[in-house]
Every structure is written in structure tokens, then in C-alpha cells.
Amino acid sequence: YATPTSEQDKLANELGEKMSISPILGQLLIHRGITTESAAKRFFRPQLSDLINPFLMKDMDMAVDRLNDAMGRKERIRVWGDYDVDGCTAVALVYKFLQQFYSNIDYYISDRYNEGYGLTKIGIDKAKVDGVKLIIILDCSLKAIESMLPYAKGLGIDIIVCDHHGIDPEEEVPEDVPVLNPLQAGDSYPFKYLCGCGVGFKFMQGFAKNNGISFSHLIPLLDFCAVAIAADIVPVTDENRILAFHGLKRLNQNPNVGLKAIIDICGLNGREITMSDIIYKIGPRINASGRMENGKKSVELLVEKNFDTALKMARNIDLYNEQRKGIDKQMTKEANDIVSRLDSQVHRSSIVLYNEKWKK
């Protein structure tokens, strides 16, 4: 917190008077770059109407056109994501939204241990066998998938990339593949800090806008955005603040069935859920599936429509989380035991240990 200048004091007092808040709160707003009454109102009362036009994002037209073509030709579509919270919620959001209008669609999460991260040969081969013509890949960096793009194309499978990881300015983005990522060179999208689920949401917002579908169809999926924003630790500012604010409202009032089941097994029922609850209780349980078995189990839970079934699935995922904690504790003990025997290394600034039996 910097010492305010006299000009900042004056602005803070003016903002305090206009908003009926204390000058100290006015000062805090100014330090966040919020200097006008309209900006302060947007900060305190985020409005869905202030969400940015999705078509400002580079390649959005191209991505929506390819999705429209796939649905028009009744092609099989696969929604593919990373195995962490951001990836699983992104897949659940896109799959649940499109399933309202199209039935020839499924989802896929690559296996952390058998396949690894990103677009994998094993996964592409499975898609080919299943007759998939379009893969929407979410929350996987371009660097991790670009080597597989020619292979997929050779099998007659098109890819739409939805991502939020940084792109090297020197890296060539393929021209024939729609890449939705506000961080890529030449992208005029004004907000650069969306999570993977947020980019998936913008894609669905663009698709809805293009097809005359009411925005109201997207509102029930905002709780996925809130979970991803909190768990992926992206800045809760601007557009993320709008999505998180309204997503938390859904999470507290009328969450998706799968999230309601997780809320129940976390012991969060009957109290107001905060971003901290997502980070420390909800998120780790969704993550545990990808770490212990396969992230697809988490997506199955997130898209489940029957609460009793979802509750059973949530209990299984809770067991994965307990197993993860147990393994983590054991690995830490083993590591500490090794360090305690390294007498000659005690003054080192850092020590790197390896054991092939330790889980990633």
C-alpha cells in the first residue's frame, strides 16, 4: 500500500462521496485502478451485460463457423480437456451447453499416466475409431498440441483450440486451425486473464450469439466458471470478476447437480460458499480424480443429472482425495527421511530428490 498523494486523496474523497463509502475504501479502489463512479459501480455490482463481445477474440468467427458446419453436417464432435479443475469444468460447461442443441457429441480427458498432457496420439486414434470429425480442445497449451495437429488432420479430424496459456511471440500459430486465446499475437480481446473454462464460456457465448440462442441458456453454467477461476488462481478482475460473482451466486443458490453433490460431501451445505471454499475444498476433490485415476470421472460427476447418482460418484472422488493426501504424506515423509541422512548437504540452498516410485 503506497502513501497517497494529495491528488489521490482528493480523488478518494470524491469517489467516497459519490458512492457513499469511506475515503479509505475510495483510496483502495484508486490503488486498483478504479477512479470513476461508473467503474466503482461495475466493481461492486458486476453485471452480465458488461461481458465483452466474444467476437473481439481472434479466430472466434472461424471457430463458430466450423462448429456450425459440424452440427449442420451431423458430424461427431468430441470435447477434450486437461485433467485438472480448469480443464474438467471447461469440458463440462461446453459439453452441457452444446448437448442442449446437439446429440452427436461426447467428451474425453486424456490419462495423466498412460497418455500425458495435451493432444495425444492415443486419444486421436480413439477419436478416429469412434468416427469423430471435430475435436474442441480446452485448457491445453498450443505448445503441447501443435505437433499432433498434422496427425489429426491426416486422419480427417479438425481441431478447435480454446486455451489461456502464454504463447511465445516467435511461435507460429497454424492458420487453418481456429485458436481462441486472448494472449496470442494480434488478438484485440481486451481482457487477457481468462482461465481455460472462461475461454470455453466465451466460445459458447459466441456460438449462442451467432445462432440467436438466448444468453439465459448459459447462465446455469456459470458455477463452472467460478470454480475454475478460483481453482486456477487467475486474477479476479474485470471479466473474471463478473463471471466469478454470478458463478458464486449460482453455486450458492442453484448449483449444477454434480457440484451440489461435492458441496454436500465437503460439509459446505447450508452455509455461504466462498472462493476460499472452492480453492481448499471443492477444487482438490475435482483434481483428485485426474491425479489418482482419470479426470474423466470428475467430468462424469459434473455433467450428471441425477442427484443420488452424483452423490455416490462424489463419495468415490472424495476417497480419491483421501488417498491422494495419504500418498502425499507418505512421499513427504520418505523425502524428509532421505534429507535427514544427507549430512554433507545440510547447508545447501536447495536439494532435489527423486524416487521412481513417487507419483507425479
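Everything below is about the structure shown above.
Residues numbered from 1 in each chain as written. Predicted model: local features only at pLDDT ≥ 70, side-chain atom pairs only at ≥ 80, totals over all residues. Heavy atoms only, no water.

**Some words on helix 6 (residues 121–129)**
An α-helical turn contains 3.6 residues, so any two residues separated by three or four positions project in the same direction.
Part 1: Along helix 6, the positions that sit buried rather than exposed are Gly123, Ile124 and Ala127. The buried side chains of helix 6 occupy one side of the element, clustering within an arc of 100° when seen end-on.
Part 2: Tucked into the core, helix 6 has its buried residues touching strand 1 (76–81), strand 2 (105–109), strand 3 (132–138) and helix 8 (149–154). (Buried < 20%, exposed > 50% of the residue type's maximum accessible area, 1.4 Å probe, protein only. Helix = DSSP H or I, 4+ residues; strand = E, 2+ residues; numbered from the N terminus. Arc of directions from axis to C-beta. Contact = heavy atoms within 4.5 Å.)

**A closer look at the sheet that holds strand 3**
Part 1: Strand order in this open sheet of 5 strands is 2-1-3-4-5, and the pairing throughout is parallel. The open sheet has two free edges, formed respectively by strand 2 and strand 5 (179–180), since each of these has just one partner strand.
Part 2: Here 2 bridges tie strand 4 (residues 158–162) to strand 5, and the two strands are oriented parallel to one another. Bridge pairing in strand 5 places Cys162 opposite Leu180.
Part 3: Packing of helix 5 (residues 85–99) onto the sheet brings it into contact with strand 1, strand 2 and strand 3, and relative to strand 2 it is tilted by some 175°.
Part 4: Here helix 6 sits on the sheet in contact with strand 1, strand 2 and strand 3, set at roughly 160° to strand 1. (Pairing = 2+ DSSP bridges. Axes fitted to C-alpha atoms, helices over the stretch in contact; angles between N-to-C directions.)

**So, the packing of helix 12 (residues 257–266) against helix 15 (residues 307–340)**
Part 1: The contact between helix 12 and helix 15 brings their axes to 8 Å, and the two run at 55°. Classified by the interaxial angle, the pair formed by helix 12 and helix 15 is oblique. Here the hand of the crossing between helix 12 and helix 15 comes out right-handed. Contacts between helix 12 and helix 15 pair Val257, Gly258, Lys260, Ala261, Ile262, Asp264 and Ile265 from the former with Phe307, Ala310, Leu311, Ala314, Arg315 and Asp318 from the latter.
Part 2: The class makeup of the residues in the contact of helix 12 with helix 15 is 8 nonpolar, 1 polar and 4 charged. (Parallel < 35°, antiparallel > 145°, perpendicular 65-115°, else oblique. Left-handed = near helix turned anticlockwise from the far one by under 90°. Nonpolar A, V, L, I, M, F, W, Y, C, P; charged D, E, K, R; others polar.)

**Topic: the pattern of salt bridges**
Part 1: A complete count under the given rule lists 15 salt bridges for this structure.
Part 2: Between Arg66 and Glu75 there is a salt bridge, with the nearest N and O atoms lying 3.0 Å from each other. Side by side, Arg66 and Glu75 carry an identical accessibility label, which is buried. (Salt bridge = Lys/Arg side-chain N within 4 Å of Asp/Glu carboxyl O.)

**With respect to a nonpolar patch on the surface**
Part 1: A cluster of nonpolar side chains, namely Ile24, Leu25 and Leu28, defines an oily patch on the protein surface of about 280 Å² accessible area.
Part 2: We classify Leu28 as partly exposed; its relative accessible area is 40%. (Patch = residues over 30% accessible without salt bridge, like charges linked within 9 Å, V, L, I, M, F, W, Y side chains within 5 Å. Areas by Shrake-Rupley, 256 points an atom, 1.4 Å probe, with all protein chains shown as cover.)

**A word on the pairing of strand 1**
Successive side chains on a regular strand alternate, one facing one side of the sheet and the next facing the other.
Part 1: Of all 6 residues in strand 1, 5 are buried, a share of seventy percent or more.
Part 2: Two elements, strand 1 and strand 3, share 6 bridges in a ladder whose sense is parallel. Of the residues in strand 3, the one forming a bridge with Arg78 is Ile135.
Part 3: In this view, the connection linking strand 1 to its parallel neighbour strand 2 by way of helix 5 has right-handed handedness. (Right-handed = clockwise from strand over helix to strand, strands pointing away.)

**What to know about the packing of aromatic side chains**
Part 1: With the rule as written, the count across this model stands at 7 aromatic pairs.
Part 2: On the basis of an interplanar angle of 75° and a centroid distance of 4.9 Å, the ring pair of Tyr95 and Tyr107 is categorised as edge-to-face. Taken together, the positions of Tyr95 in helix 5 and Tyr107 in strand 2 put the pair 12 residues apart, joining distant regions of the chain. Take Tyr95 and Tyr107: they sit in the same class, and that class is buried.
Part 3: One aromatic cluster is present, built from ring pairs that chain together Phe97, Phe101 and Phe207. (Phe/Tyr/Trp six-rings, centres within 6.5 Å; stacked < 30°, edge-to-face > 60°.)

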